[in-house]
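# Summary of the model geometry
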Amino acid sequence: MQPNFETLAMNHITIKDLLQSHTIGETVTVKGWVRNFRSNRFIALNDGSTLSTLQIVVDFENLAADTLKKITVGACIEARGPVVESQGSGQSIELQASEVLILGESDPNEYPLQPKKHSMEFLREKAHLRPRTNTFAAVLRIRHHLSFAIHEYFHNRGFFNMHTPIITGSDAEGAGEMFNVSTLDKKNVPFTENGEVDYSKDFFGKETNLTVSGQLEAELAALGLGKVYTFGPTFRAENSNTARHLAEFWMIEPEVAFADLDDNMDLAEDFLKTVIQSVLQHCKEDLEFLSKRQLDEEKSKPQAERNELSLMERLAFVAENNFKRLSYTEAVEVLRNSKPNKKKKFQYLIDEWGVDLQSEHEKFLVKHFGCPVILYDYPASIKAFYMRLNDDGKTVRAMDILFPGIGEIVGGSQREERYDVLKQKIKEFNIDPEELWWYLETRKFGTCVHSGFGLGFERLVLFATGMGNIRDVIPFPRTPGNAEF
Ligand code: 4AD
Ligand code: MG
């Protein structure tokens, strides 16, 4: 007989299922973690299936004293009994426990999560336990839903999911911010005659790193399958200690043959709106909780910095309104004439065309236009080698999408599909064309117009949850000096 998950593992019901469909009087078993235990009688039980806790009423006179003693905050228990209408307010049903089993004890004097508000910083140090808090469980459920909605979006539109390598020999973004992957003996590193590390003796016979992007390989696949996307871990060894940077994050990179930059912008905008809409539809309970949480957070900020819109309103706004599209050149004009530039309030003043935009400028533009902004046609000198050169010879078909409170959430481009131009660009960027022979060959054999973009998954989760720090939207963040758990 085939093992049946329903009968094997589900000899208990999740709190989510119980709250959704129940019959008064029916006897059920639930399992979860004690959030609170009041008056030796009322257990608030949470099992992670939903934000809601289930109230379990124990009959303390008939419960073994030893069991009663072990019903403590953090303990894992199983309870069985009939579902009854709730006497208290705020919930429709409760469980009248006739049996309680202690599955895992928790010493109340040592358990770090008490039924009170803990700071995000404190919880980061307890990342192994934070999935048991309302806030992180809500974030993780929304994170899951977003991931699912992303796969669904592309699958429904004929894209194929590609698994691109995590260990790579190339630096796709050319920024040189990579983590080396090596099995060389650190106490006895082999050197070449020139005094450089001899990677020919290393595991792969060449120097390898953790990938900064799956794009180059996604392009190879798109030029055979038409429409593909990656959704994988990405690594950047940039020493940025900000609320928006991780050393290990997840990136979604669609790549589309026969698409130009306009198609690319259309895809990115529709994609973002659709997945946000999906979360609004399916994660109401968690979003309402995070909305309230954010409102409390806003109250502690100075008036001028407060968000005028609630989290739910902001999500709806982005899902329903068109993004503002303007060229880099137009954006620089707006910035140059802006108040903070004239009053020298920007840390980096905008005085000439060609400068890279900082996050303060991106945030200004989003505020200025009051909606997400797509900037395109950036100076070639501040963007990666693979972007298609415009006829002006100085700008490339790049696009960045800027989001409220986040800044850059998407970076993409139309790719340089012309062999000679690409080869020239590779040389100008001081990359050895030999290293990218396989990438260049796709331009030699059946090249075509194609485009794609990269969405930083955690930046999307940050936006969708209204959390303030990217470390709080990934279960176990990797940042400079931090790889615990
Ligand atoms: O703009 P980036 O560097 O673009 C690329 O990697 C291209 N290969 C994408 C493509 O065209 N296929 O990165 C894309 C996005 C950024 O817009 C940002 O959302 C996110 O990845 N990102 C980070 N997220 C968290 N921590 C970091 N250190 C990030 N660096 C980039
Ligand atoms: Mg970028």
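Above: the structure in question.
For the structure given in this document, a descriptive report is provided here. No experiment lies behind these values; they were computed from the predicted model shown. Numbering of residues starts from 1 in each chain and follows the order in which that chain's sequence is written. Chain labels run from A onward and ligand labels from 1 onward, assigned in the order the entries are written. Local features are withheld for residues below a pLDDT of 70 in this predicted model, meaning they are given only at 70 or higher, and side-chain atom pairs are given and counted only at 80 or more; totals for whole chains, interfaces and linings count all residues. Side-chain metrics rest on all non-hydrogen atoms present in the structure, leaving aside hydrogens and water.

On to the site of ligand 1, then. Neighbouring ligand 1 are 24 residues, the closest being Glu173, Gln215, Glu253, Glu408 and Ile409. Side-chain polar atom of Glu253 to a nitrogen atom of ligand 1: 2.7 Å apart, as the coordinates give it. N or O atoms within 3.5 Å of each other form a polar contact, as long as, within protein, one can give a hydrogen and the other can take it, and as long as residues adjacent in sequence are counted only when both atoms are side-chain atoms. At 3.4 Å, a backbone N or O of Phe453 approaches a nitrogen atom of ligand 1. Where helices and strands are cited, they refer to DSSP runs of H or I of at least four residues and of E of at least two residues respectively, numbered from the N terminus. Of all the secondary structure elements, the ones that give two or more residues to the shell around ligand 1 are strand S12 (248-257), strand S16 (407-414) and strand S17 (450-456). The element that contributes the greatest number of residues to the shell around ligand 1 is S16, accounting for five residues. The nonpolar class holds Ala, Val, Leu, Ile, Met, Phe, Trp, Tyr, Cys and Pro. Asp, Glu, Lys and Arg form the charged class, and all remaining residues, Gly among them, are polar. The residue makeup of the shell around ligand 1, split by class, is eight nonpolar, eight polar and eight charged. One heavy atom within 4 Å of a molecule or strand is enough for the residue carrying it to be called near that molecule or strand.

This part takes up the sheet that holds strand S10 (residues 208-210). Strands pair in a sheet through their backbones, by hydrogen bonds, and they do so in one of two ways: parallel or antiparallel. Strand pairing is assigned whenever DSSP identifies at least 2 bridges connecting the two strands. Strand order in the open sheet formed by three strands is S8-S10-S9, with antiparallel pairing between adjacent strands. Here the strands that pair on one side only, and so sit at the sheet edges, are strand S8 (167-168) and strand S9 (180-181).

Here we come to the pairing of strand S3 (residues 54-58). When accessible area is computed with a 1.4 Å probe and restricted to protein chains, residues below 20% of their type maximum are described as buried, those above 50% as exposed, and intermediate ones as partly exposed. When you tally the buried positions in S3, you get five out of five residues, the bulk of the element. Of the two faces of S3, both are covered, the one formed by Leu54, Ile56 and Val58 as well as the one formed by Gln55 and Val57. As judged from the four bridges shared by strand S2 (residues 42-46) and S3, these two strands associate in the antiparallel manner. Note that in S3 the partner of Phe42 across the bridge is Val57. With three bridges joining them, S3 and strand S5 (residues 93-97) adopt parallel strand pairing. Counterpart to Val57 in the pairing with S5 is Gln96.

As a further point, take the packing of helix H5 (residues 134-156) against helix H8 (residues 284-299). The interhelical angle for the contact between H5 and H8, taken along N-to-C directions, is 130°, at an axis separation of 10 Å. Judged on the interaxial angle alone, H8 and H5 are oblique. Relative to H8, the crossing made by H5 is left-handed. On H8, the residues that touch Asn134, Thr135, Ala138, Val139, Arg141 and Ile142 of H5 are Asp286, Leu287, Phe289, Leu290 and Arg293. Here the residues of the contact of H5 with H8 are counted per class, giving six nonpolar, two polar and three charged. To get an axis, a line is fitted to the C-alpha atoms, and for a helix only the part in contact is used. The angle between two axes follows their N-to-C directions and goes from 0 to 180 degrees. An angle below 35 degrees is treated as roughly parallel, one above 145 as roughly antiparallel, one from 65 to 115 as roughly perpendicular, and anything else as oblique. Take the far helix as your reference; a near helix turned counterclockwise from it by less than a right angle gives a left-handed crossing, and one turned clockwise gives a right-handed crossing. Note on contacts: a residue pair qualifies if any of its non-hydrogen atoms lie within 4.5 Å across the two residues.

Next up on the list: the environment of Leu295. The topology assignment puts Leu295 in helix H8. Taking the C-alpha atoms as reference points, Leu295 and Val410, 115 residues apart in sequence, are found 27 Å from one another.

Pairs were defined over the aromatic rings of Phe, Tyr and Trp, the Trp ring being its six-membered one, requiring ring centres within 6.5 Å. Orientation was assigned from the angle between planes: stacked under 30 degrees, edge-to-face over 60, tilted for the rest. In this structure the tally under the stated criterion is 18 aromatic pairs. With 4.8 Å between their ring centres and 55° between their planes, Phe154 and Phe159 make a pair best called tilted. Centroid distance Phe385 to Tyr439: 6.1 Å. Interplanar angle 75°. Geometry classified as edge-to-face. On the criterion of sequence distance, the pair formed by Phe385 in the loop between strand S14 (373-379) and strand S15 (395-403) and Tyr439 in helix H14 (residues 437-444) is long-range, its members being 54 residues apart. For the pair Phe385 and Tyr439, one class covers both residues: buried. Cluster of aromatic residues (ring-pair linked, three or more members): Tyr153, Phe154, Phe159, Tyr229, Phe271 and Phe453. Any Lys NZ or Arg CZ that is within 6 Å of a ring centre and within 35 degrees of that ring's normal is treated as a charge sitting over the ring. Between the NZ or CZ atom of Arg443 and the centre of the ring of Tyr439, over which it lies, the distance is 4.2 Å.

Note on definitions: salt bridges are taken to be side-chain nitrogens of Lys or Arg within 4 Å of carboxyl oxygens of Asp or Glu. Evaluation of the coordinates by the stated rule reveals 23 salt bridges. Between Asp66 and Lys70 there is a salt bridge, and its shortest N-O distance comes to 3.2 Å. Across the salt bridge formed by Arg143 and Glu458, the nearest N and O atoms sit 3.0 Å from each other. Linking Arg143 in helix H5 with Glu458 in helix H15 (residues 457-465), this pair joins segments that are 315 residues apart in sequence. When its relative accessible area of 11% is taken as the criterion, Arg143 is described as buried. Glu458 gets classed as buried once you look at its relative accessible area, which sits at 1%.

Let us look at the packing of H5 against H15. Viewed as axis vectors pointing N to C, H5 and H15 meet at an angle of 120°, and their least axial separation amounts to 10 Å. As the angle between them shows, H5 and H15 are arranged oblique. Relative to H15, H5 is oriented so that their crossing is right-handed. Counting all contacts with H5, which are made through Val139, Ile142, Arg143, Leu146, Ser147 and Ile150, the residues of H15 involved are Phe457, Glu458, Leu460, Val461, Ala464 and Thr465. Among the residues making up the contact of H5 with H15, the classes are represented as eight nonpolar, two polar and two charged.

The next thing to look at is a negative patch on the surface. A surface patch of like charges, here negative, comprises Glu207, Asp432, Glu434 and Glu435. Along the chain, Glu434 turns up in the loop between helix H13 (419-428) and H14. By definition, no residue in a patch forms a salt bridge, and every one has over 30% relative accessible area; like charges are joined within 9 Å, nonpolar side chains (Val, Leu, Ile, Met, Phe, Trp, Tyr) within 5 Å. Accessible areas in this description were obtained via Shrake-Rupley with a 1.4 Å probe; residue shielding takes into account the shown protein chains only. Only four residue types enter the tally: Lys and Arg on the positive side, Asp and Glu on the negative side; His and the chain ends are excluded. The atoms used to mark charge sites are NZ of Lys, CZ of Arg, CG of Asp and CD of Glu.

Among the surface-exposed residues, Ile166, Ile167, Phe203 and Phe204 lie close enough to one another that they form a single nonpolar patch of about 390 Å² accessible area. With respect to the helices and strands, the residue Ile166 is situated in the loop between strand S7 (160-162) and S8.

This paragraph deals with the side chain of Thr135. Within the secondary structure layout, Thr135 lies in helix H5. Discounting chain neighbours no more than four positions away, the residues touching Thr135 are Met120, Phe289, Leu290, Arg293 and Met467.

Even without glycine at this site, Ser39 takes up a positive phi of about 50°. Within the element layout of this structure, Ser39 appears in the loop between strand S1 (27-38) and S2. For Asn40, which is not glycine, the phi torsion reads 55° and is therefore positive. As for its position among the elements, Asn40 is in the loop between S1 and S2. Residue Asn40 is classed as partly exposed on the basis of its relative accessible area, which comes to 39%.

Next up on the list: the side chain of Gln414. Structurally, the position occupied by Gln414 is in strand S16. If we skip the residues at most four places from it in the chain, Gln414 touches Ala259, Asp260, Leu261, Tyr386, Met387, Arg388, Arg397, Val449, His450 and Ser451.

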